[in-house]
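Here is what each chain is made of, one letter per residue.
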Amino acid sequence: LIYEALLEVKDQLLETCKNHILSPSRSLKYRHYQSAGPMKVRWYIGTIYQLLVSAVRTGDRMLILNYAKDLANIRFHEGFKCDEVCSALTESAELIIKHLLTIPELKGMEQRIHNHIALSMQLAVDEIEDCYEMWQKKTPPSPPPEKPHRISRSIDAIELEKQIREYENELQNQIQNFLFQ
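Residues numbered from 1 in each chain as written. Predicted model: local features only at pLDDT ≥ 70, side-chain atom pairs only at ≥ 80, totals over all residues. Heavy atoms only, no water.

Draft legend 1. A look at the overall build of the protein. What the protein contains, in helices and strands, is eight helices and zero strands. Element order for the protein, N to C, with α for helix and β for strand: α-α-α-α-α-α-α-α. By residue count, 44% of the 181 residues in the protein fall in the buried class. If you take every contact in the protein between residues at least 6 apart in sequence, the share linking residues at least 24 apart comes to 78%. For the protein, the exposed surface amounts to about 10400 Å²; the carbon and sulfur share of it is 53%. (Helix = DSSP H or I, 4+ residues; strand = E, 2+ residues; numbered from the N terminus. Buried < 20%, exposed > 50% of the residue type's maximum accessible area, 1.4 Å probe, protein only. Contact = heavy atoms within 4.5 Å. Areas by Shrake-Rupley, 256 points an atom, 1.4 Å probe, with all protein chains shown as cover.)

Draft legend 2. Inspection of the confidence of the model for the protein at higher detail. For the protein, mean pLDDT is 84; residues scoring 70 or higher make up 76% of the total. Per-residue pLDDT, averaged within each element of the protein, yields its smallest value for helix α8 (residues 157-179) (60) and its largest for helix α6 (residues 82-100) (96). Note on residues 148-155: pLDDT under 50 across the span, and nine contacts to partners over four residues away in sequence or across chains. (pLDDT = per-residue confidence, 0-100.)

Draft legend 3. Structural view of empty space enclosed by the protein. Inspection of every chain in the model, using the stated rule, returns two cavities of 30 Å³ or more. Each pocket or cavity is described by its volume, and for the largest cavity that value is around 120 Å³. Lining the largest cavity are 13 residues, and of these Y33, Y44, I45, I48 and L89 sit closest to its centre. A breakdown of the residues in the lining of the largest cavity according to their chemical character gives eleven nonpolar, one polar and one charged. (1 Å grid on protein atoms, 1.4 Å probe; cavity = no way out; pocket = protein on both sides within 12 Å on 5 of 7 lines; lining within 4 Å. Points joined across faces, edges and corners; volume = space filled by probe spheres on them. Nonpolar A, V, L, I, M, F, W, Y, C, P; charged D, E, K, R; others polar.)

Draft legend 4. Broad picture of the nonpolar core. Among the nonpolar cores identified, the biggest contains 51 residues, and L6, Y33, I96, L100, I117 and I128 are the most heavily contacted of them. Listing elements by their share of this core, those giving two or more residues are α1 (2-8), α2 (10-21), α4 (38-58), α5 (62-77), α6 and α7 (110-137). Y33 has contacts with I21, L22, V41, Y44, R75, F80, E84, V85 and A88, leaving out every residue within four places of it along the chain. (Core = buried A, V, L, I, M, F, W, Y, C linked by side-chain atoms within 4.5 Å.)

Draft legend 5. How the structure looks around a negative patch on the surface. A cluster of acidic residues, D83, D126, E129 and D130, forms a negative patch at the surface. Secondary-structure assignment places E129 in helix α7. What makes E129 partly exposed here is its relative accessible area of 36%. (Patch = residues over 30% accessible without salt bridge, like charges linked within 9 Å, V, L, I, M, F, W, Y side chains within 5 Å. Salt bridge = Lys/Arg side-chain N within 4 Å of Asp/Glu carboxyl O. Lys, Arg positive; Asp, Glu negative; His and termini not counted. Charge placed at Lys NZ, Arg CZ, Asp CG, Glu CD.)

Draft legend 6. Layout of the packing of α4 against α5. For the pair α4 and α5, interaxial distance at closest approach is 10 Å and the crossing angle is 160°. The angle between α4 and α5 places the two elements in the roughly antiparallel class. Of the two elements, α4 crosses α5, and the hand of that crossing is left-handed. Contacts between α4 and α5 involve Y44, T47, I48, L51, L52 and A55 on the former and, on the latter, L63, I64, Y67 and R75. The class makeup of the residues in the contact of α4 with α5 is eight nonpolar, one polar and one charged. (Axes fitted to C-alpha atoms, helices over the stretch in contact; angles between N-to-C directions. Parallel < 35°, antiparallel > 145°, perpendicular 65-115°, else oblique. Left-handed = near helix turned anticlockwise from the far one by under 90°.)

Draft legend 7. Representation of α5 within the structure. With 16 residues, α5 should cover 22 Å at 1.5 Å per step; its first-to-last C-alpha distance of 23 Å lies within 8% of that length. Residues of α5 that are buried include every one of L63, I64, L65, Y67, A68, L71, A72, N73 and R75, and no others. (Expected span 1.5 Å × (residues − 1).)

Given below as structure tokens:
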């Protein structure tokens, strides 16, 4: 039931999380996310959301843990502070849980919702914190390789939205292929 609910309210939750992070009242806390803009932030949230949905469906959190390591490396090289990345994940998880708890069909499943959502995100946050801590003590990692799907800065909003949808679909297909190999 939690899995189905997450799929059903995906767009609404992505908007809620995006608006939360991009709120003017959080401009100092989420400085880098704010400068990325709404389309990229929605894409960032959408990626972790899809991994969270997969973890709920399968019970396997390894995809989220592996992604957290990559995410830490990417954000580290983009100049994000650890707290900014971790707060975005933690607060997104809180918003997701809060919304799920309002769904009548999920009444009485509070502990399961918490276990699936909060614990999965906390594992990702712990992994990111461990990576940042390690890099502060010794040499940081090499920057991640350039992706062939790099978004051009000259693309208009409609084209960017189209690319984001394609990336979301591609990610979903990769996750499904990985899970059912």
